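Remarks on the overall topology
The residues making up each chain are set out below.
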Amino acid sequence: MSTIVGIWNFQSQSSETLALQGQRLMKKMRHYPSDASAVWQDEDMFVGCHDRWITEESVNQVVPYHDPISGLVITADAIIDNREELFEALGINRAEGSQLSDVLLILKAYQKWGEYTPKYLIGDFAFMIWDTKKHQLYGARDWSGNRTLYYYHTSSQFAFSTLMEPLFQTGDIQKKMSTPWMAEFLTMAGMTESLDIKGTVYEDILQLPPAHAIILTEQHSHIFQYGTLLPEEPLRLRSNGEYEEAFRDVFTQAVKSKVRTRLGVASTLSGGLDSGAVVSYASKILAEQGKSLQTYSYVPIAGFDDWTSATLVPDERPYIEETLKYIGNVQGNYLDFADRNPLTEVDSWLDFLEMPYKYFENSFWIRGIFEQAQQQGAGVLLTGARGNFTISWGPALDYYAVLLKKFQWTKLYRELKLYGHKTGVGRSRLLPIIHSKAFPKWNQAAASKERPNPLVWINADMARQTGMVERVKQQEEWLVGREVQNAFDVRLEKFKNLAIANKNGAMTSKISEHYGVWERDPTSDARVVRFCLSIPVGQYVQDGMDRALIRRATAGDLPDKVRLNQKVRGMQPADWVQRMQPQWSSFTEELRDLCKDPKVAAWMNTTTIMKALEKIGEHPQANAAAHPATRMLMRSLIVGRFIRNLA
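Residues numbered from 1 in each chain as written. Predicted model: local features only at pLDDT ≥ 70, side-chain atom pairs only at ≥ 80, totals over all residues. Heavy atoms only, no water.

**Quick notes on the overall build of the chain**
The number of helices and strands found in the chain is 26 helices and 19 strands. Taken against the 2.2 N^0.38 rule, which gives 26 Å for 647 residues, the C-alpha radius of gyration of the chain at 25 Å falls within 12% of a compact globule. Residues counted as buried form 57% of the 647 residues belonging to the chain. For the chain, contacts bridging at least 24 residues in sequence account for 73% of all contacts bridging at least 6. With an accessible surface of roughly 27100 Å², the chain has 49% of that area assigned to carbon and sulfur atoms. (Helix = DSSP H or I, 4+ residues; strand = E, 2+ residues; numbered from the N terminus. Rg over C-alpha atoms; globule rule 2.2 N^0.38 Å. Buried < 20%, exposed > 50% of the residue type's maximum accessible area, 1.4 Å probe, protein only. Contact = heavy atoms within 4.5 Å. Areas by Shrake-Rupley, 256 points an atom, 1.4 Å probe, with all protein chains shown as cover.)

Here it is as structure tokens:
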């Protein structure tokens, strides 16, 4: 992985001034782990790279690289996964390809395909190519946005960087918060930050969206989407066995490409199917290479007061242990990070994310695991983060709602009988849920009452000034006027909505850069995504089994206790409030202080925050972790600190 920068001056400026600007950008990224650092410059363009050598092919590579024959200069933050496929398409023999770095492979692809290059690339990448002959800059970001690429464009300059902070070092722009972005952040449901896929928290800084490319000349700029992760056509095979074999082929290919590193390989591991499948496949591949796999598993603190229901498992050790014993060639590590909680992590996350964030509950163990991976010499940290919507998708109740609507009652009756046997849930409890999913309009009144008010967190005056009141009203009318989203719509949205990819990609990219350990997720590999989206829903739900494809396909790869478990699921981390109890008074004191700050109060609804403080009280129990008011308080502190630090 690498941190890259560049500046293109449109107006006459001395090369010395350009070099000084560029070096200020490079200096700002110097504290990130790297193995080499280099720059390239001509009269108008400066490009640089702090390079981290993750793969064997990247060792001693020169980035930025200047090809004197073509006049092309490339700087890149990239790992390319479909190397063999590209070698064949580009006419590169095996001997030459084995020595070719991913950066040079991208350059060769560009020389063949030009602006269409990223359509042929699979992996994590953000790169810029400067054409010294045409005076043209071209760049692209990968399909899922796993590498970030920020920029600003003024009348005198275009500058880009892996990170936002270096861009302020040119002196051409000021650090000013984007009002539209923050207004959306405070009103968007769930984890969504902003619907503006080019916007950032800063007014003058934009980002190249995932699956997009940019072409820039002195006369014009053009940003375009080069493709999507959605499959072109459905995949129809003849039998369950053929689908399982096809899955194993594509998933093996993805995992094998993700463990390519000259350093150690580590993985997160829960008691579920996604990370279990990743670890199982990776351990076998690494064994063939004479390597072993380190796994890291979060567990609750000692003395955790388990407030969760019987179907939730906050401590997944029994299932993790089964997986570790079954797979082999794995060194398991159980980590409780007893000295950490979401509050202790805020400053660190604001620092490397460069923006406020909502996903605080898991922050302490995610960062802790990256620290462990770094200390143990890993170059790659595998996850199964996107698996719920790819390899282990399979929403049984939504599928049964489809059967009900299609009057396939015989099949529905059989499925419910089998599903009830596997889950321990009777038909009398299942049928009302299935009916509400099949005919959501009958339940719209109840659904609208259950939806939280999106305006509850934002200052009322700010909501009016930014037009969010009207936008929320229109959104509510849209929701009432359509059927409630089912699991099929939600899944497609995960891969079509690039705002979601921006949020996921920023976290993946920046924590990887910070620790010098590249997070790689085989469950979000473009080949895996397209395969999983292309096959019939009946492969995911059958014979009373949800997540049916991966349960069948991992027979022999995962223990049955994990593979066939449909009665309980893991919950991380249910202990976050209990962890914060010793610091709760300082937490609430800081919130009250933030509410008195006019800069913070201009953005957030301090009345709502104070009411939430009163509701939760000074001595919350562990079960307050599930309370919406508690989550809003923690998010308010994160946003408040960001605003105060910015001032």
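**Observations concerning the sheet that holds strand 14 (residues 293-298)**
Pairing is parallel across the open sheet formed by 5 strands, whose spatial order is 16-14-13-17-18. Strand pairing shows two members of the sheet lacking a second neighbour, strand 16 (330-335) and strand 18 (518-520), which therefore form its edges. On average, adjacent strands in this sheet sit at an angle of 25° to one another, irrespective of strand direction. As paired elements, strand 14 and strand 16 share 6 bridges and run parallel to each other. Bridging from a neighbouring strand, Tyr298 pairs with Leu335 of strand 16. Sheet strands touched by helix 8 (residues 317-327): strand 14 and strand 16. Its angle to strand 16, the strand with the most contacts, is close to 165°. (Pairing = 2+ DSSP bridges. Axes fitted to C-alpha atoms, helices over the stretch in contact; angles between N-to-C directions.)

**Points about the environment of Thr162**
For Thr162, the position within the fold is in the loop between strand 9 (157-161) and helix 5 (179-185). Thr162 sits 142 residues away from Leu20 along the chain, and the two C-alpha atoms are 19 Å apart. Those residues within four positions of Thr162 in sequence are excluded, and the remaining contacts are Ser2, Thr3, Ile4, Asp77, Thr148, Tyr150 and Glu513. Separated by 2.8 Å, the side chain of Thr162 and the backbone nitrogen of Ile4 make a polar contact. (Polar contact = N/O pair within 3.5 Å; in protein donor to acceptor, adjacent residues only side chain to side chain.)

Purely spatial values, then, with no claim about function.
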